[in-house]
Every structure is written in C-alpha cells, then in structure tokens.
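Chains, contacts and geometry: an overview
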Amino acid sequence: MSTAVTFDRFGGPDVLTLTEVALPEPAPHEVRVRVRAAGVNPLDNKIRRGDMAGVMPAVFPLVPGLDAAGVVDAVGEAVTGVAVGDEVFGVTPAGSYAEYALMPAPVAKPAALPWEVAAALPTVGETAFRALKHLAPEPGQTLLIHGAAGSVGALAVQLAVARGVTVVGTAGADDLERVDGLGATAVTYGPGWVERVGAAAPQGVDAVFDTSGAGVLPESVELAGGPDHVITIADMNAARYGVRFTGMDPADRAPEALPELAGLAATGRLTVEIWRTYPLTEAARAQDDIDHRRNRGKIILLP
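So, a few notes on the structure that sits alongside this text. (Residues numbered from 1 in each chain as written. Predicted model: local features only at pLDDT ≥ 70, side-chain atom pairs only at ≥ 80, totals over all residues. Heavy atoms only, no water.)

**Examining the overall build of the protein**
Within the protein, the regular secondary structure consists of 9 helices and 15 strands. Taken over C-alpha atoms, the radius of gyration comes to 19 Å for the protein, in line with the 19 Å a tight globule of 303 residues would show. With the C-alpha coordinates of the protein rotated into their principal frame, the extents come out at 60 × 40 × 35 Å. Across the 303 residues in the protein, those meeting the buried criterion constitute 47%. (Helix = DSSP H or I, 4+ residues; strand = E, 2+ residues; numbered from the N terminus. Rg over C-alpha atoms; globule rule 2.2 N^0.38 Å. Buried < 20%, exposed > 50% of the residue type's maximum accessible area, 1.4 Å probe, protein only.)

**Details of the pattern of salt bridges**
Under the counting rule described, the total for this entry stands at 15 salt bridges. Two residues, Asp 175 and Arg 296, come together in a salt bridge whose shortest N-O distance is 2.6 Å. On the criterion of sequence distance, the pair formed by Asp 175 in the loop between β9 (166-171) and α5 (176-181) and Arg 296 in the loop between α9 (283-291) and β15 (298-302) is long-range, its members being 121 residues apart. A salt bridge links Arg 294 to Asp 288; the shortest N-O distance between them is 2.9 Å. (Salt bridge = Lys/Arg side-chain N within 4 Å of Asp/Glu carboxyl O.)

**Looking at helix α8 (residues 257-266)**
For an α-helix the count is 3.6 residues per turn, leaving residues at separations of three or four pointing the same way. The set of residues buried in α8 consists of Ala 257, Leu 258, Leu 261, Ala 262, Leu 264 and Ala 265. Take α8 and look down its axis: the buried residues cluster within an arc of 165 degrees, on one side only. Of the surrounding elements, those touching the buried residues of α8 are β5 (87-91), β7 (107-108), α2 (115-120), α3 (122-135) and α4 (151-162). (Arc of directions from axis to C-beta. Contact = heavy atoms within 4.5 Å.)

**Some remarks on the nonpolar core**
Membership of the largest hydrophobic core comes to 48 residues, with the highest contact counts inside it found for Phe 89, Leu 121, Leu 143, Ile 145, Leu 159 and Phe 209. For this core, the secondary-structure elements that each account for two or more residues are α2, α3, β8 (142-146), α4, β9, β11 (207-210) and α8. A per-element tally of this core places α4 first, with 7 residues. Residue contacts for Leu 159: discarding those within four places in its chain leaves Ala 128, Phe 129, Leu 132, Leu 261, Leu 264 and Leu 270. Judged by nonpolar contacts, the second largest core, of 26 residues, contains Ile 47, Leu 280, Ile 290 and Leu 301. (Core = buried A, V, L, I, M, F, W, Y, C linked by side-chain atoms within 4.5 Å.)

**Describing the packing of α3 against α8**
Look at α3 against α8: their axes get within 9 Å of each other, and the N-to-C directions meet at 105 degrees. Taken together, the axes of α3 and α8 lie roughly perpendicular to each other. Contacts between α3 and α8 involve Pro 122, Gly 125, Glu 126 and Phe 129 from the first element and Ala 257, Leu 258, Glu 260 and Leu 261 from the second. The residue inventory of the contact of α3 with α8, partitioned by class, reads 5 nonpolar, 1 polar and 2 charged. (Axes fitted to C-alpha atoms, helices over the stretch in contact; angles between N-to-C directions. Parallel < 35°, antiparallel > 145°, perpendicular 65-115°, else oblique. Nonpolar A, V, L, I, M, F, W, Y, C, P; charged D, E, K, R; others polar.)

**Comments concerning the layout of surface pockets**
Empty space within the second largest pocket amounts to approximately 170 Å³. In this structure, the second largest pocket is lined by 14 residues; those nearest its centre are Ala 22, Pro 24, Val 63, Ala 94 and Tyr 100. Listing elements by their share of the lining of the second largest pocket, those giving two or more residues are β1 (2-6) and β6 (100-103). The biggest single contributor to the lining of the second largest pocket is β1, with 4 residues. A per-class count over the lining of the second largest pocket returns 10 nonpolar, 4 polar and no charged. (1 Å grid on protein atoms, 1.4 Å probe; cavity = no way out; pocket = protein on both sides within 12 Å on 5 of 7 lines; lining within 4 Å. Points joined across faces, edges and corners; volume = space filled by probe spheres on them.)

**Things to note about the sheet that holds β8**
Strand pairing in a sheet relies on backbone hydrogen bonds, with the paired strands running either antiparallel or parallel. An order of β10-β9-β8-β11-β12-β13 is seen for the 6 strands of this open sheet, with the pairing classed as parallel. Looking along the sheet, the strands with just one partner apiece sit at the ends: β10 (185-188) and β13 (244-245). When strand β12 (residues 230-232) meets β13, the two strands line up parallel, connected through 2 bridges. Across the sheet, residue Thr 232 finds its bridge partner in β13, namely Phe 245. Packed onto the sheet, α3 meets β8, β11, β12 and β13 and runs at close to 155 degrees relative to β11. Docked against the sheet, helix α6 (residues 193-200) engages β8, β9 and β10, running at close to 160 degrees with respect to β10. (Pairing = 2+ DSSP bridges.)

**Let's talk about the environment of Thr 185**
As for its position among the elements, Thr 185 is in strand β10. Thr 185 sits 37 residues away from Ala 148 along the chain, and the two C-alpha atoms are 10.0 Å apart. Once residues lying within four places of it in the same chain are set aside, the contact partners of Thr 185 are Val 167, Val 168, Gly 169, Asp 180 and Ala 200.

**A word on the pairing of β15**
Taken residue by residue, a regular strand's side chains alternate between the two faces of the sheet. In terms of burial, β15 is a largely internal element, 4 of the 5 residues being buried. Where strand β3 (residues 31-40) and β15 come together, 3 bridges link them in antiparallel fashion. Within β15, the residue paired with Ala 38 across the bridge is Leu 301. Bridge count for strand β14 (residues 274-279) against β15 is 5 bridges, and the pairing is parallel. Pairing of Arg 276 across the sheet is with Ile 299, part of β15. In the classification by handedness, the crossover that spans β14, the intervening α9 and the parallel β15 is right-handed. (Right-handed = clockwise from strand over helix to strand, strands pointing away.)

See below:
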C-alpha cells in the first residue's frame, strides 16, 4: 500500500483527501516512479471542479496531477532504455499527487536539474514549446505573448528570445519588471493594450500566442495579419475567429520538447520560477492558491 491524494466527487479543494491506496502496477509500456516532486497545474483544478468532464470523463476516485519527477521503482515488461533506480520526469496520466505514480514516457532527469524544477516542466514546458513549434516565428520577427508572466508564458518568452525572436509580453503591473527580465518588452494588459503593444512594437507583430483567454483574439488576429498567425491555449472561442486552439488533442503534443527543456534548465539557460512547495498533505491548500491566483510561479508538492 501507499498514500495518494484522491477525490471522489467534483467540488472545491476540500474534496481532496489523503488516502491509503494500492501500490500501482505498471502496464507493459509504463514505469512506476517513487515520486520526489509533483507539479500543480491549473488544469488539475479544472478537472477537480468538473470543468473538463465533457472531454475527460471521470471514473472516481481520481488522483489529481499530471507532472512528476522521481526515481524508477518498477519497469513494465515492454519498456526499454529505462532501469530501476533511474531519475526521470514526465507526465503521469493516472495522477502524480502520490507517493508512487505510473509514467508511460519517462524522460531522463539531468543530475543538475532539481527535482522541483523537473516536476514543474512537463505540462507548461511542452505547451510553450508546442505553441512556438506551430507558430514558427523566425529570428528577427516579433511575437506577442498574452499572459507572459504565467508559467507557460514565461517559458515561451525565454524559448522565443533564445531563438532570436523579438518578444512583447502582456502582464499585470506587478509583473512587468519580471517579464522585462526574461528578455521581452512588457506592456500592461487590459483596456488600451492594443495601443501599448503598437508603441512597444512599431515594426508590427508577426505572430501571437494567447495564454490568457482574456478575450483578446479579435484584436490579435488583426495585429498579426490573420488567424493563421495566432494560437491560443485558453480561449474556447478560438474557432469563431479561425484561430487554432492547441491542447485538447493528445496527437498534437510535442514529446521532443522535454529532453531539450531539461537540458536548457539544467544548464541555467531556462528558468522556472518555483513559488512555493508544500507537502502532499497540503494539496488542497496548493489548489486553493491557484483558484485564488495567489501564486507567482509554480507550486510543487513534495511527497
């Protein structure tokens, strides 16, 4: 037996409870990981509330969490290239808020990469990488990122800047200095943002990545010269404007992202801000922080 955070009904953070569960057994193509750190993502909260029930039907009880880093404890019979004792990180479809989690596609964790950072990377890092892959901004072009201070936005800023792309990022007033420090030109979001972006990028905008879902797509399409140059991970009205929504289709993933991101983070060329770590017993507090937007960076659970 082991322990995991579970919930047996949709609701607020209070539905999360620490429970004794059976030790999960890996399928042929999975490994079992002794979790050292688990990432907390806004998607975890949406699943807990039932917001995703239409596309991700729930079979209770559920263990929340998608991202984990840990030590391989058992290996499925069809797994190759991974051994017991290896340090890995990746996505855990059956839940990561647990002492042990199952991982179908483990990625080797560089020794220099802290556990907390490794657990923070999978979902937000792959998302940022994938959006830039689809937009494919070229060196010298200008990319506008809505929500540049968020976990996805901040990684997208760094990846784009490293590729020679000029970045303008919208953010709240308290985060402007931080976004500037990542290499972007920060502008305040909210009414008047179009004019502020125009002043920051008189050369024009070649592409737009919306991580905010703040109703900015019509103006973004106009700024970028058409919907083909805009992508969103947050605005469910994307189709109305001809904009691509990425994130719902598993076939749309970019698995090649994680080894590259791990290498960049391990060598200090990519930073992930860890706002706070909590023990597994405080998973409800971690999700409540996200519900109320208290966090300024990633929250990590330490089983």
